[in-house]
Structures are given as structure tokens and as C-alpha cells.
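Here is what each chain is made of, one letter per residue.
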Amino acid sequence: MASSSPAPLRVLTGITPSGTPHLGNYVGSIRHSVRQSVAPGVESFFFLADYHALIKVQEPALIQRSTLEIAASWLACGLDPERVTFYRQSDIVEITELTWFLTCVTGKGVLNRAHAYKAQLDKNIAKGEDPDADVTAGLFMYPVLMGADILMFNAHKVPVGRDQVQHIEMARDMAQRFNHQYGEHFTLPEAEIDDAVATLPGLDGRKMSKSYGNTIAMFAPRAQLQKQIASIVTDSRAPGEPKDTEGSALFQIYQAFASAEETEALRKAYADGIGWGDAKQMLFERIDLEVTPLRARYEALMNDPAEIERILLIGAEKARKLSRPFMAELRHAVGLRNLASGRDKGGARKAAKVAKPSFKQYRERDGLFYFKLLDAHGATLLQSRGFASPQEAGRAIAALQQQRGAALAALAEQLEPAGPEELRAANEALEALAETTTSTNGS
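Throughout this description, residue numbers start from 1 for each chain and increase along the sequence as written. Local features are withheld for residues below a pLDDT of 70 in this predicted model, meaning they are given only at 70 or higher, and side-chain atom pairs are given and counted only at 80 or more; totals for whole chains, interfaces and linings count all residues. As a rule here, side-chain values come from all non-hydrogen atoms in the structure, and water together with hydrogens is ignored.

Visitor: Help me understand the overall build of the chain in this model?
Guide: Secondary structure is summarised from DSSP: a helix means a run of H or I of at least four residues, a strand means a run of E of at least two, and numbering begins at the N terminus for each. For the chain, the count of helices and strands is 17 helices and eight strands. Along the longest, intermediate and shortest principal axes, the C-alpha atoms of the chain span 90 × 50 × 45 Å. Note on contacts: a residue pair qualifies if any of its non-hydrogen atoms lie within 4.5 Å across the two residues. Summarising the internal contacts of the chain: among those between residues at least 6 apart in sequence, 70% fall at separations of at least 24. Values of accessible area rely on a 1.4 Å probe in the Shrake-Rupley scheme; residue burial ignores everything except the protein chains shown. Counting every atom, the chain has about 22,800 Å² of accessible surface; 52% of that belongs to carbon and sulfur.

Dropping the structure here:
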């Protein structure tokens, strides 16, 4: 008997290895993702997006070093490779093949609207240069590669910052276009934005980013960590003068590590006129308290790169157990097939039988059960509304198969609205399906 438990929620997270991981990465992604990876009913995928790094980094040694550092950071923070699928993007060769498949269904107009591409064009125009100066095809195609990362494993949720939501929307568009052309193969992903996850300011008050050179290294030695924190920009108010927490980079960073009680204590100290040196010492001690045990594990891993390589290769094989058969399915869907298949035992007649209308029954995240009637090319002809149980959905399908046109009218309330042409096409598909079934039973 089939299990009635819902399929696990697939969550996919990636980080581009283009520099040394910093506290912004830790607070904004790593810490939260590792905690979420142990949630019940969640199937987590974590990957090092080294193909993406090639778009903006042309220093091979930097990419190799950064890949090592980020892998070590995730593992040091508690990521369990036994529990999750942890891999390096470049080890999954199917991702590049899927990128091409998606390229062939993605409109150039969609890519023209990508934020990173538009930002480079605006920058060039402002400088009076050719709009496409320094724009590589890699930068332009970045969203398609990201779409392949997500759709290869049919992720339901992708944790991202608000500035990355557009990429998830573009991946949904690619999935819809492919599904429309070749049948239902891809899950439509959703962006997951957790407003409780902080975006850290950097040393200069802007968002902490390698691009701005304002980062605090995640696993810097204690002395270096203290020196970096001491360089956080503050205003000129002297000890004894009340200070504002609003807009204070130092306070925001402290808040991302401290408990509610600790945060309130620092807020009161600001109002009482704490000196900036004392406030920075409080921040250093609070961060060091959390990072010190992780730093020891990180340093041990950095001294054993062969162990990290072993973990990543095991993760890649685990991932490819999913990507290899799925890519074979997609290759068949687009027509990249064995030319000899279908020629034996009836040849063309057997091949013709492959393309026929079909029903697809599935369960959505709302807990309800749905079905679709697909034509011979995988396009949706009928879409049901939600049923409380798979048995109810199955009975509706059986009625459509047996009564065809009459059932279309009788089940109208349980189907999404359809126009006359759509109903005619659905009825023809049901008739064709009935003929196929009769022919099969009579042979």
C-alpha cells in the first residue's frame, strides 16, 4: 500500500566561492541554513557554486582556496553531510547540460531584465561607454545557470535575500516554459525570505560585501578579529554622550549575535553614553564567544583538504543518483533519443503508442490531491481543483476515462474553468485515450 505521508520539502542553498567567508555570510546564510537542515520533513541540498565564480573571478588559485574555505565553514558550523546532499556544482555535469536545455526555452527579453546585467549596462552608459562593455556571455546567462541549479533537483524552496528574488522568479518562468513545451517535468520553485535573518552592515556601515572590501572574516584569529572590529566606523560622540542605536553598524552586528536580553542591555548602555571602545570590546567578546568553538573545527578541516574533497565527492555521487536519471528523462523529452528505439516489434506502431494523452495525479504542499489531463505532447488540457484524498481524485479520473464528455459536465465544479475549445480538446483526448485502452485490451 502506498504511503500517505507527504513528500519531503526540498530546500536548496548555494554560495559562490569568490572570497574568504565573512560574518555576513555566516549570519545571512550559513548559520540559518544549517539550523534549518535538521528540521523534520526537509530534504536539504547545499552546493558550492564554483561555475558562478568563473563569471567574476579569473584567479584559479582564489577559486580553489575559496571553495576550500567555504566548504570548511559549512562543515565547521555543523552541516552534516550524512543528513544533507552537500556537493560542488562543477561535479554535477548534468547541470551544464540542463543549462543549455533551459537556454533554448528562455526568452532574451527575460534575461535583458536581470538586475546584474542591467546594473552593468547602466554603469557603462553613465560613463559614456558602449553599453555592453565588459559584459560577458557568462554575466548575461547567469540566471539560466542558476535556474539549472534549482530545477535540476526540483527544489521547492530556495532561501535568498530580497535582491535575489528575481532569479527565483526567472527560474519559475524557465520551468513553466519547458513544462509547456515538453510536459510536466519541473517543480516551480519559491523564494524563501526569512526576515529574522539579518543582513549585516560592514566596517563602513554599508552592506557587508567582498565587493566593498568592508568584511569581517568569519574565522579570523582572535587578534585579527579584534582589530577588524576596532575599525568599525562610528560617529564622534564622546564617552558619556547618549548614542543612537538607529543606523549604528556596531549595534546591528551585535544584535545579530546577542540574545534579546543582551541586546536590550547594550541599547541601555548606548542611552547611558557608553564609550565606543567599550562597545567594540563588548561586540568582540560576544562574537568570539560564538565563533571560537567553530574556529577550532574550521582550522582542523583547513589542515585536511583531502577530507573535504572526500566529503564533496561522496556528496556529488549522492546528487548524481538524482541528476543522472532525471537528465535522461529530460533528454528523451526533448527528442535526444536512441534512434533504434521503437523500431522493433511493430516499429512505427509502437512509437506511435508512446505519444498519447495521460493523467498525472499529485499532491501539493496544501495537503490536497490534484490531477491533470495532458495531451500527447505533455500540454495541460484539464486541471482539477483540490481533493481531500487520493481516492476521490482517482474516482474523478476513472469517471472521465469511462464517461468522457458526460463526466466533463458532471465534474465541472471539481475542475478549473475551461473554455469551449479547451473542453473540446479535452474530450478528444479522452476519446483517444479510450481507444488506446480498448486497443491494448483487445490485443
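So that's the structure; there's more coming.
Visitor: Any chance you could explain the packing of helix α3 (residues 60–76) against helix α12 (residues 276–302) here in plain terms?
Guide: Between two packed helices, both the angle of their axes relative to each other and the distance between the axes serve to describe the pair. At a minimum axis distance of 9 Å, the contact between α3 and α12 shows a crossing angle of 140°. In terms of orientation, α3 and α12 fall into the oblique class. Viewed along their axes, α3 and α12 form a crossing whose handedness is right-handed. Facing R65, L68, E69, A72, S73, L75 and A76 of α3, the residues of α12 in contact are L294, R297, Y298, L301 and M302. Residues were grouped as follows: Ala, Val, Leu, Ile, Met, Phe, Trp, Tyr, Cys and Pro as nonpolar; Asp, Glu, Lys and Arg as charged; and all remaining residues, including Gly, as polar. Of the residues assigned to the contact of α3 with α12, the class counts are eight nonpolar, one polar and three charged. Between N-to-C directions, angles cover 0 to 180 degrees, with each direction set by a line fitted to C-alpha atoms, over the stretch in contact for helices. The labels follow the angle: roughly parallel below 35 degrees, roughly antiparallel above 145, roughly perpendicular from 65 to 115, and oblique for the rest. Helix crossings fall into two classes, left-handed where the near helix is turned counterclockwise from the far one by less than a right angle and right-handed where it is turned clockwise.

Visitor: Mind showing me how you'd approach the sheet that holds strand β6 (residues 358–363) here?
Guide: Through backbone hydrogen bonds, the strands of a sheet pair up, either in parallel or in antiparallel fashion. Pairing is antiparallel across the open sheet formed by three strands, whose spatial order is β6-β7-β8. The open sheet has two edge strands with one neighbour each: β6 and β8 (380–383). Here the average twist between neighbouring strands, direction ignored, is 25°. Here helix α15 (residues 390–403) sits on the sheet in contact with β6, β7 (369–374) and β8, set at roughly 170° to β6. Two strands qualify as a pair provided DSSP detects at least 2 bridges between them.

Visitor: Would you mind showing me how to read the pattern of salt bridges here?
Guide: For side chains bearing opposite charge, pairing can occur when the charged atoms are close. A carboxyl oxygen of Asp or Glu within 4 Å of a side-chain nitrogen of Lys or Arg is what we treat as a salt bridge. Taken as a whole, this structure holds 24 salt bridges when the rule is applied. For E264, the salt bridge goes to R267, with nearest N and O atoms at 3.4 Å. Pair noted here: E264 and R267 are both in helix α11 (residues 260–271), with a separation of three residues, about one helical turn. Working definition: with a 1.4 Å probe on protein chains only, accessible area under 20% of the residue-type maximum means buried, over 50% means exposed, and in between means partly exposed. In this structure E264 comes out as partly exposed when scored by relative accessible area, which is 46%. Between R404 and E431 there is a salt bridge whose closest N-O contact spans 3.2 Å. Here E431 lies in helix α17 (residues 420–442) and R404 lies in the loop between α15 and α16 (405–410), a separation of 27 residues in the sequence. Within the structure, one salt-bridge network assembled from shared partners comprises R88, D91 and E309.

Visitor: Hey, could you run me through α15 in this one?
Guide: Spacing of three or four residues puts side chains on the same side of an α-helix, whose turn is 3.6 residues. Take the residue count of a helix, subtract one, and multiply by 1.5 Å to get its expected span. For α15, with 14 residues, the first-to-last C-alpha span of 20 Å sits near the 20 Å given by 1.5 Å per residue. Within the sequence span of α15, burial applies to A393, A396, I397, A399 and L400. Burial along α15 is one-sided: seen end-on, the buried residues are contained in an arc of 155°. Seen from the open side of α15, the exposed residues pointing more than 90 degrees away from its buried face are R395 and Q402. R404 lies just past α15 and shows a positive phi near 50°. Taken from the helix axis, the directions to the C-beta atoms give the arc we talk about.

Visitor: Which parts of the structure should I look at to understand the packing of helix α4 (residues 94–103) against helix α7 (residues 137–152)?
Guide: Running from N to C, α4 and α7 cross one another at 120°; their axes reach a closest spacing of 8 Å. Classed by the angle they form, the pair α4 and α7 counts as oblique. In this structure, α4 crosses over α7, and the sense of that crossing is right-handed. Contacts between α4 and α7 involve E94, I95, L98, T99, L102 and T103 from the first element and M141, V144, L145, G147, A148, D149, L151 and M152 from the second. Of the residues contributing to the contact of α4 with α7, the split by class is nine nonpolar, three polar and two charged.

Visitor: For this particular structure, what's the right way to read the nonpolar core?
Guide: Taken as a class, soluble globular proteins show a tendency for nonpolar side chains to be buried jointly. For the purposes of this section, nonpolar cores are sets of buried Ala, Val, Leu, Ile, Met, Phe, Trp, Tyr and Cys residues that join through side-chain atoms within 4.5 Å. Counting residues in hydrophobic clusters, the biggest one holds 53 residues, and the most contacted among them are W74, F86, I216, I232, F257 and I287. Those elements giving two or more residues to this core turn out to be α1 (23–36), β2 (42–48), α3, α9 (222–230), α10 (249–257), α11, α12 and α13 (305–334). In terms of residue count, the dominant contributor to this core is α12 (ten residues). Among all residues touching W74, those that are not within four sequence positions of it are T13, G14, I15, I30, V34, F46, F47, L48, L79 and F86. Core analysis: the second largest hydrophobic core is formed by 42 residues, I92, I95, F153 and F178 among them.

Visitor: Just to check I follow, could you spell out the packing of aromatic side chains for this structure?
Guide: Within a pair of aromatic rings, the relevant descriptors are the distance that separates the centres and the angle that separates the planes. Ring pairs are drawn from Phe, Tyr and Trp, using the six-membered ring of Trp, whenever the two centres fall within 6.5 Å, and their geometry is named by plane angle: stacked under 30 degrees, edge-to-face over 60, tilted for the rest. Summed over the entire model, instances satisfying the criterion amount to 16 aromatic pairs. Seen from their ring centres, W74 and F86 are 5.8 Å apart, and the 85° between their planes marks the pair as edge-to-face. Of the two residues, W74 is situated in helix α3 and F86 in strand β3 (residues 85–88); the sequence distance between them amounts to twelve residues. Residues W74 and F86 agree in their burial class; the two are buried. A network of ring pairs unites the aromatic residues F45, F47, Y87 and F153 as a single cluster. Stacked on the ring of W276, the Lys or Arg K243 has its end atom at 5.6 Å from the ring centre. For a Lys NZ or an Arg CZ to count as sitting over a ring, it must be within 6 Å of the ring centre and within 35 degrees of the ring normal.

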